[in-house]
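Given next are the chains, with one letter for each unit.
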Amino acid sequence: RKPGGDPSGFYFAIPTPGAANTTPGYPDLAAPPEFSKAAGLYPESFPLEIAAPAGWTLYYTLDGSEPDPARVGAATTTNRVTRLYSEPLTVASRAGQPNVFSHIPTTAITPSWLPAWRQPAGEVFKGTIVRAMALDPASGRRTKTITRTFFVDPAIQSRYGNLPIVSLVSDYNHLFSSATGISVPGSTHKGDISKQNFFKEWVRPASIEFFEAGGNPGFKGDFEI
C-alpha cells in the first residue's frame, strides 16, 4: 500500500522491506511483450513480430542476456548486446554460424592424470533465443522480460526423435564469467580446486522452457539455478 492510509493495493518497482513505500506505485502490472509465434520447432524461417504497450519502447537480445536500455549502442562484449526493436525479426536456421558457448571450457580443473577438456568437433546445432522487455519513457516503468526459444531446421521434427528438449537461458555473466559464472572453474579458486566456481553456493536467475517430444510445449517460466 501507499503511505497515508490509502487502502488500495499497488505494485512497486523498487521494494522497501521494513520501510515506507515512497516510490511511485502502479495499480496493475505492465503488460509484457507479446510474440507473434510460439516458441518451439519450425522447419523453415519466419518473421517474428514483438508487440509492446502503446507508446512504450521495446528492447530485445539474441544472446541470452536480459535486455538493458543502457546497453543499446554502448561498447560491450558481443555476448551482451541489447537492440532496439523497430521491425520484425527473421528467425532462421543458424547452420554455418560459428560455435560460441560450446567452446567455453566448463569442466572443473582436475588432477593432471584425468582427461583434459576438449571442445566439440565440428559445428553444434543452435537455437535462436529472443528475450524482450518494454520501457515506458515517460515514467521509467518496465515490463518483465519474456524469453522465447526457437529451433529452425528442415529436418527439425526428426532431429531429436522422442527426446524432450530443455532450453535454459541466462545472462553470459551468470554462466560463463570467470568471476561470477556458475558453469566455469573461474578465477576465484587461486589454485585451490575446492574453491572453483562450481562449489560456491551461488544462485543465478534463468528462464527455462521445456518441450515434450515433438516440440509440444511443456512448461516455461523464470527460475533460480
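As a reminder, the structure under discussion sits directly above these lines.
Scoring rules and cut-offs
Residues numbered from 1 in each chain as written. Predicted model: local features only at pLDDT ≥ 70, side-chain atom pairs only at ≥ 80, totals over all residues. Heavy atoms only, no water. Buried < 20%, exposed > 50% of the residue type's maximum accessible area, 1.4 Å probe, protein only. Helix = DSSP H or I, 4+ residues; strand = E, 2+ residues; numbered from the N terminus. Pairing = 2+ DSSP bridges. Phe/Tyr/Trp six-rings, centres within 6.5 Å; stacked < 30°, edge-to-face > 60°. Contact = heavy atoms within 4.5 Å. Core = buried A, V, L, I, M, F, W, Y, C linked by side-chain atoms within 4.5 Å. Patch = residues over 30% accessible without salt bridge, like charges linked within 9 Å, V, L, I, M, F, W, Y side chains within 5 Å. Areas by Shrake-Rupley, 256 points an atom, 1.4 Å probe, with all protein chains shown as cover. Salt bridge = Lys/Arg side-chain N within 4 Å of Asp/Glu carboxyl O. 1 Å grid on protein atoms, 1.4 Å probe; cavity = no way out; pocket = protein on both sides within 12 Å on 5 of 7 lines; lining within 4 Å. Points joined across faces, edges and corners; volume = space filled by probe spheres on them. Nonpolar A, V, L, I, M, F, W, Y, C, P; charged D, E, K, R; others polar.

**Student:** Describe the pairing of strand 13 (residues 205-211), with residues and values.
**Tutor:** In terms of burial, strand 13 is a largely internal element, 5 of the 7 residues being buried. Sheet topology note: the strand 13/strand 14 (residues 217-224) ladder contains 7 bridges and is antiparallel. By the bridge assignment for strand 14, Phe-210 is matched with Phe-219. Two successive antiparallel strands, strand 13 and strand 14, enclose a turn made up of 5 residues, where Gly-214 displays a positive phi of approximately 90°.

**Student:** Got a sec to walk through the packing of aromatic side chains? Specific residues and values, please.
**Tutor:** Inspection of every chain in the model, using the stated rule, returns 12 aromatic pairs. Geometrically, the ring pair formed by Phe-151 and Phe-211 is edge-to-face, given 6.3 Å between the ring centres and 85° between the ring planes. Of the two residues, Phe-151 sits in strand 11 (residues 146-152) while Phe-211 sits in strand 13, which places them 60 residues apart along the sequence. Since its relative accessible area comes to 8%, Phe-151 is described here as buried. For Phe-211, a relative accessible area of 2% translates into the label buried.

**Student:** How would you summarise the environment of Val-124 if you had to cite specific residues and measurements?
**Tutor:** Within the secondary structure, Val-124 sits in the loop between strand 9 (89-91) and strand 10 (128-135). The class of Val-124 is partly exposed, set by a relative accessible area of 29%. It is 9.8 Å that separates the C-alpha atoms of Val-124 and Phe-101, two residues lying 23 residues apart in sequence. The residues touching Val-124, leaving out its near neighbours within four places in the chain, are Asn-99 and Ser-102.

**Student:** Give me the lowdown on the nonpolar core, citing residues and values where you can.
**Tutor:** When a protein is soluble and globular, its nonpolar side chains tend to lie buried together. Membership of the largest hydrophobic core comes to 18 residues, with the highest contact counts inside it found for Phe-35, Phe-46, Leu-48, Ile-50, Leu-89, Val-130 and Phe-150. For this core, the secondary-structure elements that each account for two or more residues are strand 5 (46-48), strand 7 (57-61), strand 9, strand 10 and strand 11. If we skip the residues at most four places from it in the chain, Ile-50 touches Pro-33, Glu-34, Phe-35, Leu-58, Tyr-85, Leu-89, Val-130 and Ala-132. Ala-39, Ile-156, Ile-165 and Phe-211 belong to the second-largest nonpolar core, a separate cluster that totals 6 residues.

**Student:** Would you mind going over a nonpolar patch on the surface in detail, with residue names and values included?
**Tutor:** Nonpolar side chains collect at one region of the surface, where Ile-109, Ile-193 and Phe-199 lie side by side and expose about 270 Å² of accessible area between them. Along the chain, the position of Ile-109 falls in the loop between strand 9 and strand 10. A relative accessible area of 38% means that Ile-109 is categorised as partly exposed.

**Student:** How would you sum up the layout of surface pockets? Please name residues and give values.
**Tutor:** A volume near 1100 Å³ is recorded for the largest pocket. Broken down by secondary-structure element, the contributors of at least two residues to the lining of the largest pocket are strand 9, strand 10, strand 11, strand 12 (165-169) and helix 2 (172-175). Ranked by the residues each element gives to the lining of the largest pocket, the list is headed by strand 12, at 5 residues. Estimates place the volume of the second largest pocket at around 180 Å³. Forming the walls of the second largest pocket are Tyr-11, Phe-12, Ala-13, Tyr-26, Asp-28, Leu-29, Ala-30, Pro-32, Arg-141, Arg-142, Thr-143 and Lys-144. Tallied by class, residues from the lining of the second largest pocket come to 7 nonpolar, 1 polar and 4 charged.

**Student:** So, the pattern of salt bridges: which residues are in play, and what are the values?
**Tutor:** This structure, assessed with the given rule, holds 6 salt bridges. The shortest N-O distance in the salt bridge between Arg-141 and Asp-28 comes to 3.2 Å. Here Arg-141, found in the loop between strand 10 and strand 11, pairs with Asp-28, found in the loop between strand 2 (25-26) and strand 3 (34-35); they are 113 residues apart in sequence, far enough to count as distant. Relative accessible area serves as the criterion here: at 43%, Asp-28 is assigned to the partly exposed category. Between Asp-222 and Lys-144 there is a salt bridge whose closest N-O contact spans 3.6 Å. With Asp-222 in strand 14 and Lys-144 in the loop between strand 10 and strand 11, this pair connects stretches of sequence that are 78 residues apart.

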